[in-house]
Amino acid sequence: MTTEIHVREYRRKRNFEKTPEPSGDDEGAAKQGEGPRFVVQKHDASSLHYDLRLAIGDVLVSWAVPKGPSTDPSDKRLAVRTEDHPLGYLEFEGVIPVDEYGGGTVLVWDTGPYRNLKEDDGVSMDEALDDGHLTVWLEGEKLRGGYALTRTKMGGDPKNWLLVKMDDDEADARRNPTSTEPKSVLSGRTIEEIAAEEGPDRRERERQEAS
Ligand code: MN
């Protein structure tokens with residue numbers, strides 16, 4: 001399958017004349033030579049949440065995690081599967097206009113390479129995704145170690161998964177990085193700074209300067 005088919009739903013939901021998000025047309029720009037990457041974006045939309053995305057093949061398979069990821073193996077975090085995003089979204093940070101889909105501020109909260117922990121058993125990420133059970137090793141700045149994602153169909157909805165930290169050397173019940181480490185790993189900015197610098201005020205200023 002091509003990226004075009006994979007991200008059709010992503011594109012259908014968005015107007016690229018209005019949102020600064022990547023359209024997925026320039027996938028050559030995405031760096032995949034160093035192995036697959038993940039991103040966790042903090043998204044201050046109608047309700048604040050975190051989006052976990054794993055590069056699988058030529059797309060970012062995505063989940064919205066209302067409470068964000070935990071480093072405590074006893075926490076089970078709801079992760080709602082959302083539409084696949086283009087690889088270019090790995091580095092997207094900015095402000096989606098309020099009347100567009102997902103309107104609000106996006107911050108790259110963590111990113112880095114990841115590994116499929118089932119690869120040694122001969123299970124690819126695509127197969128694990130179909131099976132509804134992924135285990136990955138994250139090498140981010142804030143999130144490290146094993147994480148399990150399991151489809152639960154809670155409430156009868158196949159979009160409902162659980163994200164749980166695996167119990168390994170990187171597990172730490174005392175850390176709470178979503179509250180103690182809120183800044184972007186890409187730009188060092190807070191969500192308020194991104195909103196102020198890239199929000200509608202800035203676009204209006206640029207329009208005036210250009211005219
Ligand atoms: Mn989101």
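See above for the structure.
Residues numbered from 1 in each chain as written. Predicted model: local features only at pLDDT ≥ 70, side-chain atom pairs only at ≥ 80, totals over all residues. Heavy atoms only, no water.

Peer 1: Sorry if this is basic, but what is going on with the packing of aromatic side chains here?
Peer 2: Aromatic rings in a pair are described by how distant their centres are and how their planes are angled relative to each other. Following the criterion strictly, the structure yields five aromatic pairs and no others. Through pairs of rings, three or more aromatic residues link up here, namely Tyr 10, Phe 16, Tyr 89 and Phe 92. In this structure, Arg 81 is placed above the aromatic ring of Trp 63, and the distance from its NZ or CZ to the ring centre is 5.9 Å. A cation sits over an aromatic face here: Lys 165 above Tyr 147, 5.1 Å from the ring centre. (Phe/Tyr/Trp six-rings, centres within 6.5 Å; stacked < 30°, edge-to-face > 60°. Lys NZ or Arg CZ within 6 Å of the ring centre and 35° of its normal.)

Peer 1: Can you help me understand the coordination of the manganese ion in this one?
Peer 2: Ideal donor angles around a metal are set by the shape: a four-donor tetrahedron calls for 109.5 degrees, a six-donor octahedron for 90 or 180 degrees. Within the first shell, the manganese ion binds the protein through His 43 (ND1), His 49 (NE2) and Asp 51 (OD), at distances of 2.2 to 2.3 Å. For the manganese ion, the single-chain donor residues occur in sequence as H-x5-H-x1-D. Each member of the pair, His 49 together with Asp 51, is buried. (Donors = N, O, S within 2.8 Å, 3.2 Å for Na, K, Ca; no water. Buried < 20%, exposed > 50% of the residue type's maximum accessible area, 1.4 Å probe, protein only.)

Peer 1: What is the right way to read the environment of Gly 94 from this model?
Peer 2: Here Gly 94 lies in strand β5 (residues 94-96). Classification of Gly 94 by relative accessible area gives buried; the value is 1%. Spatially, the C-alpha atoms of Gly 94 and Pro 182 are 15 Å apart, while their sequence positions differ by 88 residues. Residues within four places of Gly 94 in sequence aside, it is in contact with Gly 104, Thr 105, Val 106, Ile 194 and Glu 198. (Helix = DSSP H or I, 4+ residues; strand = E, 2+ residues; numbered from the N terminus. Contact = heavy atoms within 4.5 Å.)

Peer 1: Sorry, what's going on with the environment of Trp 109 here?
Peer 2: As for its placement among the helices and strands, Trp 109 is situated in strand β6 (residues 104-116). Looking at Trp 109, the relative accessible area reads 0%, which means it is buried. Counting along the chain gives 72 residues from Trp 109 to Glu 181, while the straight-line C-alpha distance between them is 8.5 Å.

Peer 1: In this structure, what is going on with the pairing of strand β9 (residues 160-165)? I would like to understand it.
Peer 2: Of all six residues in β9, six are buried; the element is thus mostly enclosed. Looking at chain direction, strand β4 (residues 77-86) and β9 are connected through four bridges and run antiparallel. Across the sheet, the residue bridging to Leu 78 is Leu 162, located in β9. (Pairing = 2+ DSSP bridges.)

Peer 1: Help me understand the side chain of Asp 172 in this model?
Peer 2: Locating Asp 172 in the fold gives a position in the loop between β9 and α4 (177-180). Given the relative accessible area of 18%, Asp 172 is considered buried. Separated by 2.9 Å, the side chain of Asp 172 and the backbone nitrogen of Arg 174 make a polar contact. With near-sequence residues (within four places) excluded, Asp 172 lies in contact with Thr 71 and Asp 72. (Polar contact = N/O pair within 3.5 Å; in protein donor to acceptor, adjacent residues only side chain to side chain.)

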